[in-house]
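Fold and contact review
Residues per chain are reported as follows:
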Amino acid sequence: MNMDIQFYNTLTRKKEKFIPVIDGKVSMYTCGPTAYNQAHIGNFRTFLFEDVLKRFLMLVGYEINHVMNITDVDDKTIKKANNENISLKELTDKYTKIFMEDLETLNILPADIFPIATEHVDDMIVMIKSLIDKDHAYITDDGSVYFSIKTFEEYGKLTNLDFDNQIQSERVAADEYSKETPQDFALWKSWKDEDGEIGWDSPWGKGRPGWHIECSAMSIKYLGDHFDIHCGGVDNIFPHHENEIAQSRCSFGSPFVNVWMHSEHLNLEDEKMSKTLGNILSVPSLVKKGYTPESIRFALISSHYRTKIAFSETKLTESKKAVHRINEVYDRLKTLQKTGTSLPNEYEDFVAALSDDLNTPKALGILFSYIKKINKKMDISSFSEKETAMSIHFIENADKIFSLLTHDGRIPEDISALVLKRDKARKSKDWQLSDKIREKINQKGWIVEDSSDGTKCYKA
Ligand code: AMP
Ligand code: ZN
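Residues numbered from 1 in each chain as written. Chains lettered and ligands numbered in written order. Predicted model: local features only at pLDDT ≥ 70, side-chain atom pairs only at ≥ 80, totals over all residues. Heavy atoms only, no water.

**Notes on the nonpolar core**
Note the following rule: Nine residue types can take part in a nonpolar core, namely buried Ala, Val, Leu, Ile, Met, Phe, Trp, Tyr and Cys, and a core is a set of them joined through side-chain atoms within 4.5 Å. Each residue is assigned to one of three classes by its accessible area relative to the maximum for its type, calculated with a 1.4 Å probe on protein chains only: buried under 20%, partly exposed between the two thresholds, exposed over 50%. For helices the rule is a DSSP run of H or I covering at least 4 residues; for strands it is a run of E covering at least 2, with both sets numbered from the N terminus onward. Each domain's limits were defined by an automated method or a database of domain assignments.
Formed by 125 residues in total, the largest nonpolar core has its most connected members in Phe44, Leu53, Leu57, Ile229, Phe311 and Phe350. Here this core gets 11 residues from one element, more than from any other, and that element is helix H1 (residues 41-59). Among the domains, domain 1 (6-263) and domain 2 (269-402) are the pair contributing at least three residues each to this core.

Spelled out as structure tokens, the structure:
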């Protein structure tokens, strides 16, 4: 299927045709969790938006290189580790492990790389040095380093703010020490008593990196200084992503990121769910209450990513019904045991909806109308073998994005990602790579078979 994909770019404030830097490949950076607490379902709203985006791009044939950082040093992690009298590593290892478990529970495809901030301090120091050398940054008396926003003409473009009449955000306020301009932000924070044992040596004395430089250094290290997509929640736009742009563009003089995509917040009783406010719900707490991971997934991905979600348990109950409807029809179709590679006309509309700035509610609407139609047809037994095969294929393809099927024969996410990669290798006649992937699939206890009906995958 040859279809234009359009994404809304926060930087230009319009939908744009998506054209990757390298044909057929997508490089994608998503801001990961700050590992001082368990991530809440608001955070997972954003991580699920990114998962659906990635799965969609994979389904339409792109090879994805996805990097998600783990922020294991910032004001919050340091404060909590010192309050609890444990090392920073002990604290952040604990919450990183919990985060990985929650990702798995929600069937979120893991990133190709999860770089950890404290393992990249040297890269950050190199970048800060280059910003000082180019007069974009200055050192203060206490040994901190600040980025000078007046040296970057485009500062404020992402946020769409005129910085002469600038607003102060919480996170900027937390960065305050002694600056030339109030909005200048810290690249390096000099060591303070309250930091305890936490600190790294640098040309400017002992200290630690600012939060923003972490993502600039790690994204560029793994994806290069010009890559396709950078995502986060809307609260990341300012100051975090605005500052990332300033640092990266001034350091490398390259375009940095083509498309900036941000998901709206998940709210609980009209307030943003946040660790700071304390109005949080975790994935395991909802599972404990009896909600399935698929219902939670559905509740968080069925709204368009650029609209707010008003979260409630009623929403989860409704989601449970929707998940049941998909599984019920799929199980019913599976008893008819037909396979094929053709797809119904509705599939084209389904992909078109997702190609239009990832319109998940529209795509799900098309899927549910289709399910209603085939259920009716099955009720009166007017369903041909071809139609059965097409329906199974449509639902399975839709599930590669939404991941809502719960039946026992479900192919785990890592296996289906490998099967997709292998299909791609076969299409480009890279038999060596395709054999290598087949071996990897076998080692994980699964068999992949090619037939005239398409690729089949089952447990060994
Ligand atoms: P943090 O751990 O605070 O750095 O947040 C991790 C990710 O979750 C970031 O991309 C945030 O923008 C996003 N996020 C935080 N709170 C919410 C919320 N209530 N709804 C949606 N996304 C959120
Ligand atoms: Zn980030």
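**What about the pairing of strand S7 (residues 185-190)?**
Defined as follows: Between any two strands, pairing holds if DSSP finds at least two bridges.
Buried residues dominate S7, accounting for 6 of its 6 residues. Strand direction decides the pairing type here: strand S6 (residues 145-147) and S7, joined by 3 bridges, are antiparallel. Counted as the bridge partner of Val145 is Trp188 from S7. Relative to strand S8 (residues 207-209), S7 runs antiparallel, the two being bridged by 3 bridges. Bridge pairing links Trp188 to Pro209 in S8.

**Remarks on the coordination of the zinc ion (ligand 2)**
Note the following rule: Each metal's donors are the N, O and S atoms found within 2.8 Å of it, except that Na, K and Ca use a 3.2 Å limit; water is left out, so coordination can look incomplete.
At 2.1 to 2.2 Å from the zinc ion (ligand 2) lie its protein donor atoms, namely Cys31 (SG), Cys215 (SG) and His240 (NE2). Read in sequence order, the donor residues for the zinc ion (ligand 2) give the motif C-x183-C-x24-H. One end of the pair, Cys215, is in helix H6 (residues 211-223); the other, His240, is in helix H7 (residues 237-252), with 25 residues separating them in the sequence. Among the residues examined, His240 registers a relative accessible area of 0% and is labelled buried.

**Quick notes on the side chain of Arg45**
Going by this rule: Charge assignment in this entry is limited to Lys and Arg as positive and Asp and Glu as negative, and neither His nor the chain termini are counted. Whenever a carboxyl oxygen of Asp or Glu lies within 4 Å of a side-chain nitrogen of Lys or Arg, that contact is scored as a salt bridge. Residues adjacent in sequence count toward polar contacts only when both atoms are side-chain atoms; beyond that, a polar contact is any pair of N or O atoms within 3.5 Å, and within protein one must be able to donate a hydrogen and the other to accept it. Should any heavy atoms of two residues lie within 4.5 Å, those residues are considered in contact.
With respect to the secondary-structure elements, Arg45 resides in helix H1. Although Arg45 is buried, it forms no salt bridge, and the closest oppositely charged side chain is Glu264 at an N-O distance of 5.8 Å. Among the polar contacts made by the side chain of Arg45, one reaches the main-chain carbonyl oxygen of His304 at a distance of 2.9 Å. For Arg45, the contacting residues outside a window of four places in its chain are Ser263, Glu264, His265, Leu266, Leu300, Ser303, His304, Tyr305, Thr307, Lys308 and Ile309.

**A closer look at helix H4 (residues 121-133)**
Using the following cut-off: The span one expects for a helix is its residue count, reduced by one, times 1.5 Å.
With 13 residues, H4 ought to run about 18 Å at 1.5 Å a step, and its terminal C-alpha atoms sit 18 Å apart, in line with that. If you follow the buried residues of H4, they end up packed against strand S5 (137-139), S6, S7, S8, H6 and H7. Backbone geometry just after H4 places Asp135 at a positive phi near 65°.

**Comments concerning the site of ligand 1**
Note the threshold: Whether a residue is near a molecule or strand depends on its heavy atoms: if one lies within 4 Å, it is near. Accessible surface area values rest on a Shrake-Rupley calculation with a 1.4 Å probe, where residue burial reflects the displayed protein chains alone. Lys, Arg, Asp and Glu make up the charged group, whereas Ala, Val, Leu, Ile, Met, Phe, Trp, Tyr, Cys and Pro make up the nonpolar group; the residues left over, Gly among them, are polar.
Near ligand 1 you find 18 residues, and of these Thr46, Asp235, Asn236, Leu266 and Met273 are the closest. In the environment of ligand 1, an oxygen atom lies 3.0 Å from a nitrogen or oxygen atom belonging to the side chain of Asn43. When ligand 1 sits alone it has 490 Å² of accessible area, and the protein chains cover 95% of it. At the level of secondary structure, the elements contributing two or more residues to the shell around ligand 1 comprise H1 and strand S9 (226-233). It is H1 that provides the largest number of residues to the shell around ligand 1, a total of 4 residues. Here the shell around ligand 1 is composed, by residue class, of 4 nonpolar, 10 polar and 4 charged.

**Here's the deal with the sheet that holds strand S12 (residues 271-272)**
As summarised here, the arrangement of the 3 strands in space is S12-S11-S13, forming an open sheet in which the pairing is mixed. In this open sheet, the two strands that pair with only one neighbour each are S12 and strand S13 (309-311). Pairing analysis gives 2 bridges linking strand S11 (residues 266-268) to S12, with the strands arranged antiparallel. Looking across to S12, one finds that Asn267 is bridged to Lys272.

**Quick look at the packing of helix H9 (residues 293-301) against helix H10 (residues 313-334)**
Just so we agree on the cut-off: Only the contacting stretch of a helix is used when fitting its axis, a line to C-alpha atoms as for every element, and angles between N-to-C directions run 0 to 180 degrees. Roughly parallel means an angle under 35 degrees; roughly antiparallel, over 145; roughly perpendicular, 65 to 115; everything else is oblique.
The contact between H9 and H10 brings their axes to 8 Å, and the two run at 110°. Here H9 lies roughly perpendicular to H10, going by the angle between them. Touching Glu294, Ser295, Ile296, Phe298 and Ala299 of H9 are Lys315, Leu316, Ser319, Lys320, Ala322 and Val323, all from H10. Class assignment for the residues of the contact of H9 with H10 results in 6 nonpolar, 2 polar and 3 charged.

**Quick notes on the domain arrangement of the chain**
Here is the rule: Summed over both partners, buried area is the accessible surface (1.4 Å probe) that two parts give up on being assembled.
Each domain of the chain was delimited in the assignment, giving domain 1 (6-263), domain 2 (269-402) and domain 3 (413-459). Opposite the 8 residues of domain 1 that make contact, domain 3 presents 4 residues. Both faces combined, the contact of domain 1 with domain 3 buries some 560 Å², and carbon together with sulfur accounts for 60% of it. Where domain 1 packs against domain 3, one counts 0 salt bridges. Here domain 1 and domain 3 share 1 residue pair in polar contact (both at pLDDT 80 or more) between them. Taken together, the residues of the side of domain 1 that touches domain 3 break down into 3 nonpolar, 3 polar and 2 charged.

**Examining the sheet that holds strand S3 (residues 25-30)**
Strand order in the open sheet formed by 4 strands is S4-S3-S9-S10, with parallel pairing between adjacent strands. Two strands in the sheet have a free side with no partner beyond their single neighbour: strand S4 (63-68) and strand S10 (256-263). Ignoring which end each strand starts from, the neighbouring axes of this sheet average 25° apart. Looking at chain direction, S3 and S9 are connected through 3 bridges and run parallel.

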